[in-house]
Structures are given as structure tokens and as C-alpha cells.
Amino acid sequence: MSFSRNFLTSCAAAALLGLALAMPARAQEDAAPKEDKVIAIVNGHEIRVSEVQMATDDIIGQLPDMPPKLRYPFVVEYLIERHLLAQYAVQEGIAETEEYKRRLALYQAKALRDAYFFQKIRPMVTEEMIRKSYDEEAAKLQQTERVRARMILVASEKEAQDIEKMLADGQKFEDLAQKYSLDGSKDYGGDLGYFTAAEMVPEFSKATFALKVGETSQPVKTDFGWHIIRLEDRKQGAAQPYDQVKQAIRNVLLRQKVGEVMSRIREKSKVEILDEDLKKYAEEAAKAAKNFQENKPALDESGGAAPAAGGDAMGGDNAAGDAGSGKGDLQIQAPQ
């Protein structure tokens, strides 16, 4: 029952296109290698450092979470196998088939799109733009109070009152959360991490922010059930160091630039949708994309430009992680 405001990204066509184009930029943070040396030869074909870089960009989302030193030989082995199969495909006449020609046309369009992105769009996002965005969002964070809380969610007031009694008898909040809570945060002892008042439903935020550190609330009713809340900490917002969030901010700005460029290109182009069902789906996707753009959270809110799952792009205080905690269940529902 996750109602995070960020769920619209899954159906927002413009945002998805921007993500598909922007994400490879992480792997090409550095310029082309000074020495594009040959690192392997497959039946006469030379595999160079530049090819490994491009292959890494292309399959970055499929790579296991491994350090660069292990990723490098992994990608090289991937290229060796790819070239071996490609060479045998040529020997066996696959290059003359219609399936190959269709795939070639598809991959050629992808290669041209990627090249256009790296040569034309990516340079639009400068270091100055990234720093300016960081400074603006960091200033907002400093004015925003954030709290860290735990909660136990149950279905009825009677169950919540029973939890109160068990707490009064000295049982640990974390143990009761793991045993009785209906929320995803139970696996973390009810820990929701840090959040602002605006991120949660009003009834929950009002009760939480009224507590002092270490205090536990009386049962609080929301549309999700009955909550027992304990306040762990409160602080004014603070931004993560610039170097830690620079890439996340760059990706947000790149998505924006991709959207701007695509809008200009589509205005000058003729695109016809012939399938009637597809027309309906396209209209729904366009509405979802518009809603997302109009209501997407700022960088300091949960997940808006997170460099890693569960972390805030600027704040970075969420100990449990939104993805693993039940925080998303209480977040304001996005317009549909």
C-alpha cells in the first residue's frame, strides 16, 4: 500500500525517456581515454578501452553490484563472448537474414540517439548549473525541520491500546514493532528514518511533531489504521556534501534537458499513432507525465533524485531507507 508521490515515474513517458538517456552519463563521467589501448584480441578483432566504456554504459543497469576492479574483467568477458557469437553468426549466414536487418536498424537508431545525447544534450548541463541547484536546495533544507521516528501500525484501537500496555510494562518498542506492526517498517523495529512534516499524511505528522525526543504517542488514527509513534530525534535539515550528490543532481538536470529537447523536436515533427488502443494509452501516459512534472517533489524530499535506494538526494539522513521501511505507506498520495 505504498502511496509515495514518486510512483508516477513508472508511467511518465517523458521521465522514463530522460532516465534512459541520462543514466549512462554516470559511467562516462570521465572524458575519452587518453590512450585507447588494445586490451584483448578476438580472432583478429581488437577490443579497446573505449569499447569497454561504451559497453559498460550500455549494460550498466544489468551489472551486478560489484567494485570497478571486478566490473572491468566482467565487461571484457562479456565483449569477448559477444564478438565470438557475432563472428560465428556471420560465418553461418545470419547477417543475411531479415531478423538481423531488423535488429540492426533498431540498434542503429539507439546508437544515434545515444551519440546525440552525449554530444549535444549532456554538455548543456554544466558544473555551474549543478552547483547552483545544489546551493538552492541546500538553503531550503536548512529551513526545514526533520524528525526520526518509529511506529507500530495495527488495525484497531483495541490492539493499539494493548500495545500501549505492553510498552508501559517495559517491553521494547522495537520488539513489539517487529512482532505486531502491519507496516513494512516492522523489519527495522518500526524505524521510519528522517522525514519532514510535509512528507507524511497530516494526522501522522501532527502527532509526531508534537512529541519530544524519547516520548511515545497515544494511539493515532489515520486511513491506514492505528499508530503508536515514538520520536527518536529531531533536527534542522542539512545537505549532504556536494561531491556525494553531484551525480544525482546532474541526472535530474539531464532529465529536464532531455524533456526540453524532446518537446522542441516533437513540435517540428510529424508523429502518427495508428493503433486505437495505443492512442488511448498514449493519452493516459501524457496525463501521468504532466501530473508528475507538476507535482514532483523537490530534491530534498524522499527519492526525488536519490543516488541510492532509500536515500535522500540532499538530506541523506534516512537510516532505515524508504525502500525498506514503511515510510512510503504514509507519504502523501500523488494526484492521479
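Note that this is a predicted model, so its numbers are computed, not measured.

Calculation notes
- Residues numbered from 1 in each chain as written.
- Predicted model: local features only at pLDDT ≥ 70, side-chain atom pairs only at ≥ 80, totals over all residues.
- Heavy atoms only, no water.
- Helix = DSSP H or I, 4+ residues; strand = E, 2+ residues; numbered from the N terminus.
- Buried < 20%, exposed > 50% of the residue type's maximum accessible area, 1.4 Å probe, protein only.
- Contact = heavy atoms within 4.5 Å.
- Areas by Shrake-Rupley, 256 points an atom, 1.4 Å probe, with all protein chains shown as cover.
- Expected span 1.5 Å × (residues − 1).
- Arc of directions from axis to C-beta.
- Axes fitted to C-alpha atoms, helices over the stretch in contact; angles between N-to-C directions.
- Parallel < 35°, antiparallel > 145°, perpendicular 65-115°, else oblique.
- Nonpolar A, V, L, I, M, F, W, Y, C, P; charged D, E, K, R; others polar.
- Lys, Arg positive; Asp, Glu negative; His and termini not counted.
- Salt bridge = Lys/Arg side-chain N within 4 Å of Asp/Glu carboxyl O.
- Pairing = 2+ DSSP bridges.

**Details of the overall build of the protein**
- Helix and strand counts for the protein stand at 11 helices and six strands.
- Going through the 336 residues of the protein one by one, you find that 37% of them count as buried.
- Counting contacts in the protein only where the partners sit at least 6 residues apart, residues at least 24 apart contribute 71% of the total.
- Taken as a whole, the protein presents about 19700 Å² of accessible surface, with 53% of it coming from carbon and sulfur.

**Focus: the environment of D223**
- Along the chain, D223 turns up in the loop between β5 (220-222) and β6 (225-236).
- By relative accessible area, which is 78% here, D223 ends up exposed.
- A sequence separation of 22 residues divides D223 from V201, and the C-alpha atoms of the two residues are 9.1 Å apart.

**Re helix α5 (residues 127-141)**
- Here α5 spans 21 Å end to end across 15 residues, near enough to the 21 Å set by a 1.5 Å rise per residue.
- Residues of α5 that are buried: I130, S133, Y134, E137, A138 and L141. Axial view of α5: buried residues confined to an arc of 130 degrees, hence all on one face. Facing away from the buried side of α5 by more than 90 degrees, the exposed set consists of E128 and K132.
- The secondary structure elements touched by the buried residues of α5 are β3 (145-154), β6 and α9 (242-267).

**Quick look at the packing of helix α4 (residues 98-121) against α9**
- Packing of α4 against α9 leaves a shortest axis separation of 12 Å and a crossing angle of 105 degrees. When the axis of α4 is compared with that of α9, the two are roughly perpendicular. Here Y116, F117 and I121 of α4 lie close against α9, whose contacting residues are L254, K257, V258 and V261.
- A per-class count over the contact of α4 with α9 returns six nonpolar, no polar and one charged.

**Re the side chain of E51**
- Tracing the backbone shows E51 in helix α2 (residues 49-59).
- It is R82 that comes nearest to the buried, bridge-free E51 among opposite-charge side chains, at 4.2 Å.
- Discounting chain neighbours no more than four positions away, the residues touching E51 are H45, E46, L79, R82 and H83.

**Topic: the sheet that holds β6**
- Spatially, the four strands line up as an open sheet ordered β4-β3-β6-β5, and their pairing is antiparallel. In the strand order of this sheet, the two ends are held by β4 (191-195) and β5, each with one partner. Adjacent strand axes in the sheet meet at a mean angle of 40 degrees when their direction is disregarded.
- Looking at chain direction, β3 and β6 are connected through 10 bridges and run antiparallel. Note that in β6 the partner of R146 across the bridge is K235.
- Here helix α8 (residues 202-209) sits on the sheet and contacts β3, β4, β5 and β6; the angle it forms with β6, its principal contact strand, is near 55 degrees.

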